[in-house]
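Architecture at a glance
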Amino acid sequence: MDIKKKLIVFLLLTFSLTSFAQIKIGDAIPSIELQSSKDVKVNINEFKGKFVLIDFWASWCGPCRVGNKKLVQMHKDLDSSKIEIIGISIDTDATKWRKAIEKDKINFLQLIDPKGFDANAAVVFGVEELPSKFLFDSEGILIMKNPTDQEIINLINK
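Sequence order as written defines residue numbering, which begins from 1 separately in each chain. Local features are withheld for residues below a pLDDT of 70 in this predicted model, meaning they are given only at 70 or higher, and side-chain atom pairs are given and counted only at 80 or more; totals for whole chains, interfaces and linings count all residues. To get the side-chain values, all heavy atoms of the structure are used, and hydrogens and water are removed first.

The name given to the protein in an unreviewed UniProt entry is TlpA family protein disulfide reductase, with the source organism recorded as Flavobacterium pygoscelis. As stated in UniProt under Subcellular location (unreviewed entry), the record for the protein gives "Cell envelope". UniProt positions are given in the numbering used here, feature names are shortened, and annotations may be inferred rather than shown by experiment.

Now the structure itself:
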């Protein structure tokens, strides 16, 4: 096989593997275990039975920090028996991540995958920008990517 054909086969294989890696509407919540801000390992697929909102963010991301304030308020306002909010930081510096959690007064579950955009969770979810949100239904099926706050509230309060 000449070099051109090998390159084409390689690129096609790479593209097909990465396209399968990114979660799509209708896919089940993946089994990913990450370290929490309380130093406990947590698997994100443990929360079936209620809506799960996963929010990818980082301490250095201005829009994320604004979004944290909204999520903190949403967490206070919504019935916790109906929804679990999970923050996944792709910070590479856990100290800055912990300081941001404290400063933003975040009291919902916070996890870290400290390899930036190369973090396994970010790759599986196909995170290309921050913040990125993923909403799963009570069966653990992805129903919305980047839902608005109002869309989340409407679904939870049905």
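1. Remarks on the environment of phenylalanine 108
Numbered from the N terminus, helices here are DSSP runs of H or I no shorter than four residues, and strands are runs of E no shorter than two. One can find phenylalanine 108 in the loop between α3 (94-103) and β5 (109-112). For phenylalanine 108, a relative accessible area of 5% puts it in the buried group. Sequence-wise, phenylalanine 108 and glycine 87 are 21 residues apart; in three dimensions their C-alpha atoms are separated by 7.6 Å. It only takes one pair of heavy atoms within 4.5 Å for two residues to be counted as in contact. Here phenylalanine 108 is in contact with Leu71, Val72, His75, Ile85, Ile86 and Gly87, once residues within four sequence places are set aside. For every residue, the accessible area (1.4 Å probe, protein chains only) is compared with the maximum for its type, and the residue is labelled buried under 20%, exposed over 50%, or partly exposed between those bounds.

2. A look at the environment of lysine 38
Summarising the element assignment, lysine 38 is placed in the loop between β1 (33-36) and β2 (41-43). With relative accessibility at 70%, the residue lysine 38 sits in the exposed group.

3. Description of the packing of aromatic side chains
For Phe, Tyr and Trp, rings pair up if their centres lie within 6.5 Å, where Trp contributes its six-membered ring, and each pair is then called stacked (planes under 30 degrees apart), edge-to-face (over 60) or tilted (otherwise). Applying the stated rule across the entire model yields four aromatic pairs. Ring centres of phenylalanine 56 and phenylalanine 134 lie 5.9 Å apart, and the angle between their planes is 85°; this geometry places the pair in the edge-to-face category. Here phenylalanine 56 is found in strand β3 (residues 51-57), whereas its partner phenylalanine 134 is found in strand β6 (residues 132-136), with 78 residues between them in sequence. Here the two residues phenylalanine 56 and phenylalanine 134 agree in accessibility, since each one is buried. One aromatic cluster is present, formed by Phe56, Phe125, Phe134 and Phe136 through successive ring pairs.

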